[in-house]
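Fold and geometry: a report
One letter stands for each residue in the lines below.
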Amino acid sequence: MFCYQCEQTAMGKGCTQMGVCGKNPGVAALQDLLVHTVRGLSQVAVEGRKHGVIDAGVNHYTIRSLFMTGTNVNFDE
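Residues numbered from 1 in each chain as written. Predicted model: local features only at pLDDT ≥ 70, side-chain atom pairs only at ≥ 80, totals over all residues. Heavy atoms only, no water.

Here the largest pocket defines a volume of roughly 160 Å³. Taken together, Val-27, Leu-30, Gln-31, Leu-33, Leu-34, Met-68, Asn-74, Phe-75, Asp-76 and Glu-77 form the lining of the largest pocket. Counted by class, the lining of the largest pocket contains 6 nonpolar, 2 polar and 2 charged residues. (1 Å grid on protein atoms, 1.4 Å probe; cavity = no way out; pocket = protein on both sides within 12 Å on 5 of 7 lines; lining within 4 Å. Points joined across faces, edges and corners; volume = space filled by probe spheres on them. Nonpolar A, V, L, I, M, F, W, Y, C, P; charged D, E, K, R; others polar.)

Below you can see the structure in the form of structure tokens.
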């Protein structure tokens, strides 16, 4: 496990075994995947806006997804 997702990371460098916050490796990996996916979705959304395509559902999903990766917010796989 390597987790750098929150301000609680061990010595400010990232947790390498179990998260200082209590997050397990499975959840950390899923949250990394979620952040990566949202980054890609955001790139598509930015390009869409250049052509007048705005999807409120994508905006909501992005905010909700990133909130789930915050410190001690959601450790449910």
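Now that the structure has been shown, we can carry on.
Within the secondary structure layout, Ala-28 lies in helix α1 (residues 25-50). Here Ala-28 falls in the buried class, since its relative accessible area comes to 2%. Between the alpha carbons of Ala-28 and Thr-69 there is a distance of 8.7 Å; along the sequence they are 41 residues apart. (Helix = DSSP H or I, 4+ residues; strand = E, 2+ residues; numbered from the N terminus. Buried < 20%, exposed > 50% of the residue type's maximum accessible area, 1.4 Å probe, protein only.)

Quick look at the pattern of salt bridges now. In this structure the tally under the stated criterion is 1 salt bridge. Across the pair Glu-47 and Lys-50 runs a salt bridge, and its minimum N-O distance is 2.9 Å. Placement of the pair is Glu-47 and Lys-50 together in helix α1, with a separation of 3 residues, close to one helical turn. (Salt bridge = Lys/Arg side-chain N within 4 Å of Asp/Glu carboxyl O.)

Here we come to α1. The first and last C-alpha atoms of α1 sit 38 Å apart over 26 residues, in line with the 38 Å expected at 1.5 Å per residue. Packing partners of the buried residues in α1 comprise α2 (56-68). The distance from a side-chain oxygen at the start of α1 to the backbone nitrogen of Gly-26 is 2.9 Å, and the residue carrying that oxygen is Asn-24. With its phi angle positive at about 80 degrees, Gly-52 sits one or two positions after the end of α1. (Expected span 1.5 Å × (residues − 1). Contact = heavy atoms within 4.5 Å. Polar contact = N/O pair within 3.5 Å; in protein donor to acceptor, adjacent residues only side chain to side chain.)

All right, on to the environment of Ser-65 then. Mapping Ser-65 onto the fold places it in helix α2. Considering only alpha carbons, one finds Ser-65 and Thr-37, 28 residues apart in sequence, at a separation of 9.7 Å. In this structure Ser-65 touches Leu-34 and Val-38, once residues within four positions along its chain are discounted.

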